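Close look at the chain arrangement
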Amino acid sequence: MIIETKGLVKKFGDVTALKGIDLSVGKGEVFGFIGPNGAGKSTTIRVLLGILKANEGSASVFGLDAWSNSVEIHKRIAYVPGDVNLWQNLTGGEVIDFFGNLRGGINEDKRKKLVADFDLDTRKKCRTYSKGNRQKVALVSAFASDADLYILDEPTSGLDPLMEQVFQNCVAEVKAEGKTVLLSSHILQEVERLCDKVAIIRAGEIVETGPLAVLMDIARANSSGGELTLEELFMRHYGEVKK
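Since this is a predicted model, take the numbers as computed values, not measurements.

Turning next to the pattern of salt bridges. Scanning the entire structure with this criterion turns up ten salt bridges. Between Asp97 and Arg111 there is a salt bridge whose closest N-O contact spans 3.0 Å. Of this pair, Asp97 sits in helix H3 (residues 92–102) while Arg111 sits in helix H4 (residues 108–117); the two residues are 14 residues apart in sequence, bridging distant segments of the chain. We classify Asp97 as partly exposed; its relative accessible area is 30%. Across the pair Lys179 and Asp146 runs a salt bridge, and its minimum N-O distance is 2.9 Å.

Structure representation (structure tokens):
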């Protein structure tokens, strides 16, 4: 498994944010991680990134402990958060190059294509960028790298629909290359188009996990509404997911 957690518990004082999370993400999968705000998605991701240390249970990436081997793990992953903060006095291009050098280099052909596809002016200072353009910088940096695992936490936040389509094309391309993607998103149409498997988290617990097609079949079997969208299915059976 590329990602595996067992009985993962994370507490913040008296609040238990994660209550025994079990996740398994295999090589080459695009794995959707969805749930309402405050459900524990970002906390789980921060444990996987080695930013937070779990109180109980285990979390591994590439078979390595996420906390004690975080430096080694980061050499092989690309991470895009939902709210990107950049160095104000650097240009977008300088930031992309900086992140690329941290990972040992960047694919210049990919970089050029991604900059064009995302319609990003890399000559501008980051302080002038909108939220959407900051996301573009992070996405170009991530997909221009030769990562084995892409951890994407609300990556299309602030992007317009045309750029969301560019993002979806990027995910399809890395999947075709055999790379693995963990996608946390509140946009259920995005999950439906991209993901092979899904885990639904609510109040720090996984309430459903499995292949997307199987979960949808189960939900439809328990519904009298006939053919429904993924959003309607999850809202009906698992509670409000979308922001």
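Counting across every chain of the model gives five aromatic pairs. Residues Phe98 and Phe99 carry aromatic rings whose centres are separated by 6.0 Å and whose planes lie at 55° to one another, so their mutual orientation is tilted. Taking the relative accessible area as the measure of exposure, Phe98 reaches 38% and is therefore partly exposed. An angle of 20° between the planes, with centres 5.3 Å apart, marks the rings of Phe143 and Tyr150 as stacked. The same class applies to Phe143 as to Tyr150, namely buried. Taken together, the ring pairs in this structure connect Trp87, Phe98 and Phe99 into an aromatic cluster. Across the ring face of Phe12, the terminal group of Lys10 is positioned such that the distance to the ring centre comes to 5.3 Å.

It is worth spelling out a nonpolar patch on the surface at this point. A cluster of nonpolar side chains, Trp87, Leu90, Phe98 and Leu102, forms an exposed patch at the surface whose accessible area comes to about 390 Å². Tracing the sequence through the fold places Leu102 in helix H3. Taking relative accessible area as the criterion, Leu102 reaches 59% and is therefore assigned exposed.

A few words now on the packing of helix H5 (residues 131–143) against helix H6 (residues 161–176). Across the interface, H5 lies against H6 with an axial gap of 11 Å and an inter-helix angle of 15°. Here H5 is positioned roughly parallel relative to H6, judged by the angle of their axes. The handedness of the crossing between H5 and H6 is left-handed. Only Met163, Phe167, Cys170, Val171 and Val174 of H6 make contact with H5, whose side of the interface consists of Lys136, Leu139 and Phe143.

Turning to H3, a few remarks are in order. Residues Gly92, Gly93, Val95, Ile96 and Gly100 constitute the buried set of H3. On an axial view of H3, the arc spanned by its buried residues comes to 165°, and they lie on one face. Across H3 from its buried face, at more than 90 degrees, point the exposed residues Asn101 and Leu102. Buried residues in H3 make contact with H4 and H5.

Turning our attention to the pairing of strand S10 (residues 205–211). Where strand S9 (residues 197–202) and S10 come together, six bridges link them in antiparallel fashion. By the bridge assignment for S10, Val198 is matched with Gly210. Two successive antiparallel strands, S9 and S10, enclose a turn made up of two residues, where Ala203 displays a positive phi of approximately 55°.

Sheet architecture is open: six strands sit in the order S6-S7-S8-S3-S9-S10, paired in mixed fashion. At either end of the open sheet lies a strand with only one pairing partner, and these are strand S6 (77–80) and S10. With direction set aside, neighbouring strand axes in the sheet form an average angle of 15°. Two strands pair when backbone bridges link them, and strand S3 (residues 30–34) and S9 are joined in this way by four bridges, in the parallel orientation. Counterpart to Gly32 in the pairing with S9 is Val198. H5 rests against S6 and strand S7 (149–153) of the sheet, and its axis sits at about 170° to S6.

Rules used throughout
- Residues numbered from 1 in each chain as written.
- Predicted model: local features only at pLDDT ≥ 70, side-chain atom pairs only at ≥ 80, totals over all residues.
- Heavy atoms only, no water.
- Salt bridge = Lys/Arg side-chain N within 4 Å of Asp/Glu carboxyl O.
- Helix = DSSP H or I, 4+ residues; strand = E, 2+ residues; numbered from the N terminus.
- Buried < 20%, exposed > 50% of the residue type's maximum accessible area, 1.4 Å probe, protein only.
- Phe/Tyr/Trp six-rings, centres within 6.5 Å; stacked < 30°, edge-to-face > 60°.
- Lys NZ or Arg CZ within 6 Å of the ring centre and 35° of its normal.
- Patch = residues over 30% accessible without salt bridge, like charges linked within 9 Å, V, L, I, M, F, W, Y side chains within 5 Å.
- Areas by Shrake-Rupley, 256 points an atom, 1.4 Å probe, with all protein chains shown as cover.
- Axes fitted to C-alpha atoms, helices over the stretch in contact; angles between N-to-C directions.
- Parallel < 35°, antiparallel > 145°, perpendicular 65-115°, else oblique.
- Left-handed = near helix turned anticlockwise from the far one by under 90°.
- Contact = heavy atoms within 4.5 Å.
- Arc of directions from axis to C-beta.
- Pairing = 2+ DSSP bridges.

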